[in-house]
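Listed below are the residues making up each chain.
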Amino acid sequence: MTDVPAKQAQTPHVAASSTLALVHYLDTRGLLDSDRIERVTGLDLNTLNDPDLRIPASTHYRLWDLVEHITGDPGVGLHAGQIIDPERMGLVGHVFFNCDTLGEAVTQYVRLHRLINESVTLSFEQTPEQAILTWQPDNPDDYSRLDMDRTLAAALCRTRHFIHRGITADWVEIAHPEPVYAKEYQKLFGGQVMFGCGITRMAFSSRHLSHPIPHRNPYVYSAVLKQVNAVLARLHTRRSFSRKVRRLISRQMATDKIDADTLARQCHMSRQTLYRRLKKEGLNFQDLVEQVRKDKALRYVADDQYALSEIAFLLGFSELSAFSRAFKRWTGAAPAQFRAERKERH
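Residues numbered from 1 in each chain as written. Predicted model: local features only at pLDDT ≥ 70, side-chain atom pairs only at ≥ 80, totals over all residues. Heavy atoms only, no water.

(A) Structural view of the pairing of strand β4 (residues 130-137). Among the eight residues of β4, eight are classified as buried, and the element is accordingly described as predominantly covered. The alternating pattern of β4 places Q130, I132, T134 and Q136 and A131, L133, W135 and P137 on opposite faces, both of which are buried. Pairing geometry for strand β3 (residues 120-126) and β4, over seven bridges, is antiparallel. Of the residues in β4, the one forming a bridge with F124 is L133. Here β3 hands over to β4 after three residues, the two strands then running antiparallel side by side. Here β4 runs beside strand β7 (residues 200-205); their pairing, made up of six bridges, is antiparallel. Looking across to β7, one finds that I132 is bridged to A203. (Buried < 20%, exposed > 50% of the residue type's maximum accessible area, 1.4 Å probe, protein only. Helix = DSSP H or I, 4+ residues; strand = E, 2+ residues; numbered from the N terminus. Pairing = 2+ DSSP bridges.)

(B) Representation of the nonpolar core in the model. One finds W135, L152, V172, Y185, F189 and M202 to be the most contacted residues of the largest nonpolar core, which totals 69 residues. Looking at this core element by element, the count peaks at eight residues for helix α7 (residues 145-162). Residue contacts for Y185: discarding those within four places in its chain leaves L78, D149, I174, H176, P179, G190, V193 and F195. (Core = buried A, V, L, I, M, F, W, Y, C linked by side-chain atoms within 4.5 Å. Contact = heavy atoms within 4.5 Å.)

(C) Expanded view of the pairing of β7. Summarising burial for β7: six of the six residues are buried, a large majority. Both strand β5 (residues 171-173) and β7 contribute to a ladder of three bridges, which runs antiparallel. The partner of W171 across the bridge, within β7, is A203.

(D) Quick look at the side chain of Q130. Positionally, Q130 belongs in strand β4. What Q130 contacts, discounting residues up to four positions off in sequence, is E125, D170, W171, A203, F204 and S206.

(E) Geometry of the packing of helix α12 (residues 285-303) against helix α14 (residues 320-331). Direction vectors running N to C along α12 and α14 enclose 95°, while the axes themselves pass 11 Å from each other. Relative to α14, the element α12 is oriented roughly perpendicular. Along its contact with α12, which presents E290, R293, K294, A297, L298 and V301, the element α14 presents F323, F327, R329, W330 and T331. Its residues assigned to classes, the contact of α12 with α14 shows six nonpolar, one polar and four charged. (Axes fitted to C-alpha atoms, helices over the stretch in contact; angles between N-to-C directions. Parallel < 35°, antiparallel > 145°, perpendicular 65-115°, else oblique. Nonpolar A, V, L, I, M, F, W, Y, C, P; charged D, E, K, R; others polar.)

(F) Region of interest: a positive patch on the surface. A cluster of basic residues, K244, R247, R251, R276, R277 and K280, forms a positive patch on the protein surface. Where the positive patch is concerned, the elements lending two or more residues are α9 (218-252) and α11 (271-280). Mapped onto the elements of the fold, R251 is located in helix α9. (Patch = residues over 30% accessible without salt bridge, like charges linked within 9 Å, V, L, I, M, F, W, Y side chains within 5 Å. Areas by Shrake-Rupley, 256 points an atom, 1.4 Å probe, with all protein chains shown as cover. Salt bridge = Lys/Arg side-chain N within 4 Å of Asp/Glu carboxyl O. Lys, Arg positive; Asp, Glu negative; His and termini not counted. Charge placed at Lys NZ, Arg CZ, Asp CG, Glu CD.)

(G) View of the state of the cysteines. Counting across every chain of the model gives zero disulfides. Looking at C99, it has no disulfide partner, and the nearest cysteine sulfur is the one in C157, 19 Å off. (Disulfide = S-S within 2.5 Å.)

(H) Broad picture of the pattern of salt bridges. Summed over all chains, the structure comprises 10 salt bridges. We note a salt bridge from D100 to R216, for which the minimum N-O separation is 3.4 Å. Taken together, the residues D100 in the loop between α5 (90-96) and α6 (102-116) and R216 in the loop between β7 and α9 connect sequence positions 116 residues apart. On the basis of relative accessibility, which here comes to 37%, the residue R216 falls in the partly exposed class. Salt-bridge contacts for R329 lead to E290; the nearest nitrogen and oxygen are separated by 2.5 Å.

(I) Expanded view of the packing of helix α3 (residues 57-71) against α7. The contact between α3 and α7 brings their axes to 8 Å, and the two run at 90°. Accordingly, the angle class assigned to the pair α3 and α7 is roughly perpendicular. Contacts between α3 and α7 involve H60, Y61, W64, D65 and E68 from the first element and R145, L146, D147 and R150 from the second. Considered class by class, the residues forming the contact of α3 with α7 number three nonpolar, one polar and five charged.

See below:
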């Protein structure tokens with residue numbers, strides 16, 4: 001495997017297999033204009049078959065915009081995600097569908113998701129009744145409606161195809177506003193779909209986690225897992241520092257005022273070194289604090305476990321009014337309104 005150039009550490013990347021799948025989608029419909037795609041994206045399409053190649057996420061999202069323009073289909077993300085092609089699943093797909101059970105597959109999917117898309121954090125939580133997957137971009141600028149549509153559709157449709165055809169989503173919350181093709185989501189996912197949620201989550205019954213995966217091949221699983229673990233180790237080396245800072249910010253949020261000097265001391269470095277190392281990953285300290293606070297706020301308000309005054313305290317706000325103003329800036333709605341509308345939709 002080739003070394004990752006140092007400059008790539010400054011921007012999140014996606015697996016080239018995802019970009020290649022988009023090119024293939026256009027090709028199979030007779031819509032592929034290689035010169036135009038290369039001109040708009042700056043990519044050399046002949047290199048996309050390299051299994052080690054990674055594409056800047058911003059470039060991949062520009063390609064999505066071009067695909068929407070070429071096809072004239074605003075729902076192209078949903079439609080592309082429903083196509084099942086084992087040859088174009090990438091390494092993570094082969095790990096996923098050679099696990100023992102769906103529960104183990106979900107665990108691996110979350111662990112390896114950075115190999116698919118570094119710009120989005122995937123997390124998993126389980127209640128007695130439901131299993132919930134959450135997708136959240138590290139930076140709001142790295143959100144693509146089309147790519148998120150494709151991600152959700154592919155996750156569910158591939159699970160139905162390879163594991164259990166009867167799986168449906170209990171509910172889906174989607175970050176982006178309701179699009180013109182909104183009715184297609186309900187038909188595809190089966191459960192209630194809510195838009196403009198500021199975060200993307202999909203819930204399904206936790207009883208599905210015990211489903212065995214038919215036709216799994218333990219030899220393929222072992223070989224492919226060894227390969228993806230090596231790639232993942234390289235990515236962790238590149239972006240592990242910002243993840244460490246995120247964890248420190250999250251832990252410190254409810255107990256102390258978050259400041260760069262305190263976190264720098266916890267990392268055994270100066271504030272200037274902290275800033276410099278975050279900058280190498282394309283990040284800013286204050287933006288990172290704001291993103292962690294926003295992510296936790298969306299989770300707390302959506303889950304309805306804490307009173308709003310408690311959430312304000314947990315997120316380090318001096319008073320509820322300050323939290324309410326920040327939440328409205330993030331979502332366009334006051335937290336009480338956001339929670340009430342979510343209850344009503346559910």
